[in-house]
Amino acid sequence: MCGIAGYYDSINNVDSLDEALDLIKHRGPDDSGTYINHASSIGLGHRRLSIIETSKLGHQPMLDSKEQIVLVFNGEIYNYKELKADLIGEGCIFKGDSDTEVLLNLYIYKGIQMLSKLNGIFSFAIWDANLEQLFLARDSFGIKPLYYSISENNFCFSSEIKSLLSLVSVGDRALDTESITRYLSFLWCPGNGTPLKSVKKLPPGEAIIVKNGRIVNQWSWFQLPIFNKNKKQLNKGQSISSVRSCLKQAVHRQMVSDVP
């Protein structure tokens, strides 16, 4: 578990981002870092729990060699080794062995189309100085959290609401009673609502593009697979074997780690 936070506006400062990171220190006690670009009004922060590539080569925010692409990432990319091999085949050079570096370079080579290639649990934010835009996405089932708030061309995000509130400049803390009712009814809140009207959560399998502190595009990048009904039917033994094989592969992928 790690934590991310950031802003894209002209109001926030380094102190507010540091406070936001302090409030999610429990998510990442091993390391922390910030990226501040006053000219572009961008601030990105990260709290790290070191699991893969525990050296400084896994430090975040992570920048490309030209310092034009900046990534903060919470989660694990289970197929990062396969993706790394593909990128090396396309001429990409890596410094370390983290899934973070793979994610960064996958964006450089594939852009937002990278999402369809990911197998994992994640929420991330990528600042692209070339396009002057912030790209955020969340994994297909919403395992990793991502909250955001918008007010007068000011965009803020974080892994947790209490952290986000230290970045939100407006004093609007009005309760969203409909979302609270949904939570009390279902023990979770469908949609993008949260207990506060001013705070939204990015739904599972969705992504957004932010320019000048405003969301200019939001879309669902993940769709449940539609199985081919005409595919040859498996017998009971084949079905059991296939399920066992897929389950073993899924568990094996999630056991990749550089620490116990």
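Not measured: the values here are computed from a predicted model. (Residues numbered from 1 in each chain as written. Predicted model: local features only at pLDDT ≥ 70, side-chain atom pairs only at ≥ 80, totals over all residues. Heavy atoms only, no water.)

## Some words on the overall build of the chain
Here is step 1 of the chain: From N to C terminus, the chain includes six helices and twelve strands.
Here is step 2 of the chain: Against the compact-globule benchmark of 18 Å for 260 residues, the chain has a radius of gyration of 19 Å, which places it among compact chains.
Here is step 3 of the chain: With respect to the three principal axes, the spread of C-alpha positions in the chain is 60 × 50 × 35 Å.
Here is step 4 of the chain: The burial tally for the chain puts 47% of its 260 residues in the buried class.
Here is step 5 of the chain: Within the chain, residue pairs in contact and separated by at least 24 positions form 58% of the contacts whose partners lie at least 6 positions apart.
Here is step 6 of the chain: For the chain, the exposed area adds up to about 13,800 Å²; of that, 53% sits on carbon and sulfur atoms.
Here is step 7 of the chain: Averaging the positions of the 28 positive and the 27 negative side-chain charges in the chain gives two centres separated by 10 Å. (Helix = DSSP H or I, 4+ residues; strand = E, 2+ residues; numbered from the N terminus. Rg over C-alpha atoms; globule rule 2.2 N^0.38 Å. Buried < 20%, exposed > 50% of the residue type's maximum accessible area, 1.4 Å probe, protein only. Contact = heavy atoms within 4.5 Å. Areas by Shrake-Rupley, 256 points an atom, 1.4 Å probe, with all protein chains shown as cover. Lys, Arg positive; Asp, Glu negative; His and termini not counted. Charge placed at Lys NZ, Arg CZ, Asp CG, Glu CD.)

## Some points on a nonpolar patch on the surface
Here is step 1 of the chain: A cluster of nonpolar residues, Tyr183, Leu184, Phe186 and Trp188, forms a patch on the protein surface that exposes about 520 Å² of accessible area.
Here is step 2 of the chain: Relative to the helices and strands, Trp188 resides in the loop between helix 5 (177-186) and strand 10 (200-201). (Patch = residues over 30% accessible without salt bridge, like charges linked within 9 Å, V, L, I, M, F, W, Y side chains within 5 Å. Salt bridge = Lys/Arg side-chain N within 4 Å of Asp/Glu carboxyl O.)

## Quick word on helix 2 (residues 80-89)
Along an α-helix, residues three or four positions apart point the same way, because every turn accommodates 3.6 residues.
Here is step 1 of the chain: Every buried residue of helix 2 is listed here: Tyr80, Leu83, Lys84 and Leu87. All buried residues of helix 2 lie within an arc of 105° about the axis, which places them on one face of the element. Set apart from the buried face of helix 2 by more than 90 degrees, the exposed residues are Asp86 and Gly89. (Arc of directions from axis to C-beta.)

## Observations regarding the nonpolar core
Here is step 1 of the chain: Residues Met114, Leu115, Leu118, Phe124 and Phe135 are the most contacted members of the largest nonpolar core, which totals 27 residues.
Here is step 2 of the chain: Looking at this core, the elements with two or more residues in it are strand 5 (69-77), helix 2, helix 3 (99-110), strand 6 (120-128), strand 7 (133-138) and strand 11 (206-211).
Here is step 3 of the chain: The leading source of residues in this core is helix 3, at five residues.
Here is step 4 of the chain: The residues contacting Leu115, other than those within four sequence positions of it, are Phe122, Phe124, Phe135, Ala137, Ala207, Trp219 and Trp221.
Here is step 5 of the chain: Listed in part, the 18 residues of the second largest apolar core include Tyr8, Trp127, Phe155 and Ile208. (Core = buried A, V, L, I, M, F, W, Y, C linked by side-chain atoms within 4.5 Å.)

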